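Now for the letters of each chain:
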Amino acid sequence: MRLFSCDACGNTVHFDNGTCVACTRRLGYVSNPSRMTALEPWGAGWTSPAMGESFAFCANADVAACNWLLPAAQAGQLCPACRHNRTIPALNDDKTTEAFRRVVSAERHLFYSLLAWGLPIPDKAEDAEAGLAFDFLADEIGQNGGAVPVMTGHAEGVITLAIAESDDAAREARRVGLGEPYRTLLGHFRHEIGHYYWDRLVRDGGRLEEFRALFGDERQDYAEALERNYRSGPPAGWQNRFVSSYAACHPWEDFAETFAHYIHMVDALETAHNLGLVVSPQGASAGRLDLDVDFSPYRQQDFSALANAWTPLTIAINEINRSLGQLDFYPFILSEEILSKLEFVHTLIKAKGQQQRAEKPGS
Ligand SMILES: [Zn+2]
Ligand SMILES: [Zn+2]
Ligand SMILES: [Zn+2]
C-alpha cells in the first residue's frame, strides 16, 4: 500500500483517512487513477480544487465510513468496492456497525490491489455467473441459545465472511484454537479472493494442467480432505511444500493460501518501496539480506525481483516485531517449491491484467 498526500496542503495521508489532520479538509479516495484528494462542499456534493472535478461519496459513506469517491453524475451509487456487497448485517447497534466498518475497510484494501493489477471485478449485476459478491454475516443465535458461527468461504463467486472475524478477541481465540501463526481480516479477504480467481483464471482460463503439476489434482474429494486435515493435521514435512499447514489439506486451499501470500508480498513491498526503505544488515554475508525496493511492486513483471526483496523485508520487520515483544509479522518460510507456486500466481495475475488493459484501455 502506498502513502498518499493531501493535495491541498501536502500532508502525508493514509488510504483510509476521511479528513486531513493538518488542514482539516474532508478527504476522499479516487480509485482510478489511485489518489487521495481534498474536497470542498459544492452544491449537494463535493468538488476537488486540485483535480478540478466534482465528486459524490460512495452511498456507503455514512453507514460504513467508506471514503471512496464517484463522479458527481453517479451520486447515490456505490463505489467499485462496496457495489459487491450483496448482504450486510443488520446495523442495529454500535458493536455490529463497528464490526461492519472494519470488514469493509479490509475489503477496500483488497480492491486496492485488484484494481492496481487491473484484474476483472464484475459484480453479479454485470455477470450473474462469474460476478463477485460478498455476504457479510453476523453469527446467529441457535435454538439452544448458543451462537451458530458463520463459516467464511467461497462458492460460485460469492464470498461469505463472518463479521465476528473483525473482533480481535474472537479472531485471536480462533487463531490460537486452530494453531495458526497468522490470522487477520485482510488475510481472509486475500484468501477467499484466491478461490474466486481460481475459478476465473485457472479453471476458466485454460491453466488446469499447469495448476495440477504444481498444486496437485483438485478433483480429489474436498470434504474428505478437510475432514482428514481436521482429524490428523498436515502431513509430515509439509513446511517444504506448503506455505501454511492449512494449504496442505487440498489443492484449492493451497492455491488460495498462495494467492493470499502473493498479495501480502506485493502490497508490503509497495509500502517498503514508498517509504524508500533500505536494509543493509551489518555482518550479513555478501549482501544476502540487503533490501532496496527500487521498482514499483504492482507493476513488476519479473517475479524474481519480488521474491528476492521479500526475504530481506520479512526478516527485517520480524526482527523489529521481536524487539517489541510482538509476534512475527510474517511467520512463514518460502521454499523453492512454494516460490514456484507463487510465481504461477504472479504469471496468472500479470497475464490477466495485460489482457484487461488491452481490451479496455484506461480502465
Ligand atoms: Zn491537508
Ligand atoms: Zn464504498
Ligand atoms: Zn479457502
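Not measured: the values here are computed from a predicted model. Sequence positions are assigned chain by chain, starting from 1 and proceeding in written order. Lettering for chains starts from A, numbering for ligands starts from 1, and both go in the order in which the items are written. Totals for whole chains, interfaces and linings use all residues, but because this is a predicted model, local features are given only for residues with pLDDT of at least 70 and pairs of side-chain atoms are given and counted only at 80 or more. For the side-chain quantities, the full set of heavy atoms in the structure was used; hydrogens and water were omitted.

Trainee: I'd like a description of the coordination of the zinc ion (ligand 2), backed by residues and values.
Mentor: Note that water is not among the atoms considered, so a metal site may appear incomplete; the donors listed are N, O and S atoms within 2.8 Å of the metal, with 3.2 Å applied to Na, K and Ca. Binding of the zinc ion (ligand 2) to the protein goes through Cys58 (SG), Cys66 (SG), Cys79 (SG) and Cys82 (SG), at separations of 2.3 to 2.4 Å. In this structure, the zinc ion (ligand 2) is coordinated by 4 donor atoms arranged in tetrahedral fashion, with angles at the metal of 104 to 113°. Sequence spacing of the donors to the zinc ion (ligand 2): C-x7-C-x12-C-x2-C. Note that Cys66 is positioned in the loop between α1 (61–64) and β7 (69–71) and Cys79 in the loop between β7 and β8 (85–87), a separation of 13 residues in sequence. Comparing Cys66 with Cys79, the two get one shared label, buried. Angular criteria define each label, namely tetrahedral for four donors with all angles between 85 and 135 degrees, square planar for four and octahedral for six donors with opposite donors over 155 degrees apart and remaining angles between 65 and 115, and irregular for whatever fails these tests. Helix numbers and strand numbers start at the N terminus; a helix is a DSSP run of H or I with at least 4 residues, a strand a run of E with at least 2. We call a residue buried when its accessible area falls under 20% of the maximum for its residue type, exposed when it is over 50%, and partly exposed in between, using a 1.4 Å probe and counting protein chains only.

Trainee: Got a sec to walk through the coordination of the zinc ion (ligand 1)? Specific residues and values, please.
Mentor: For the zinc ion (ligand 1), every protein donor is listed as Cys6 (SG), Cys9 (SG), Cys20 (SG) and Cys23 (SG), and the spread of their distances is 2.3 Å. Its 4 donor atoms give the zinc ion (ligand 1) angles of 103 to 116° at the centre, a pattern that matches the tetrahedral case. Donor residues for the zinc ion (ligand 1) sit on one chain with the sequence pattern C-x2-C-x10-C-x2-C. With a gap of 17 residues between them, Cys6 in the loop between β1 (4–5) and β2 (12–13) and Cys23 in the loop between β2 and β3 (26–31) connect regions that are remote in the sequence. The pair formed by Cys6 and Cys23 is uniform in burial state, with each residue classed as buried.

Trainee: Give a detailed account of helix α4 (residues 185–203), specifying residues and quantitative values.
Mentor: One less than the number of residues in a helix, times 1.5 Å, gives the span that helix is expected to have. Helix length check: α4 (19 residues) gives 27 Å between terminal C-alpha atoms against 27 Å at 1.5 Å per residue, within 8%. At Tyr197, α4 shows its largest kink, close to 40°. The buried count for α4 comes to 18 of 19 residues, which makes it a mostly enclosed element. To get the bend at any residue, fit one axis to the seven residues that end at it and another to the seven that begin at it, then take the angle between the two axes.

Trainee: Which residues make up the environment of Thr19, and what values go with them?
Mentor: Residue position: Thr19 is located in the loop between β2 and β3. For Thr19, a relative accessible area of 42% gives the class partly exposed. Setting aside residues up to four positions removed in sequence, Thr19 forms contacts with Thr24, Arg25 and Leu27. Throughout, a contact is declared for two residues whenever any of their heavy atoms are within 4.5 Å.

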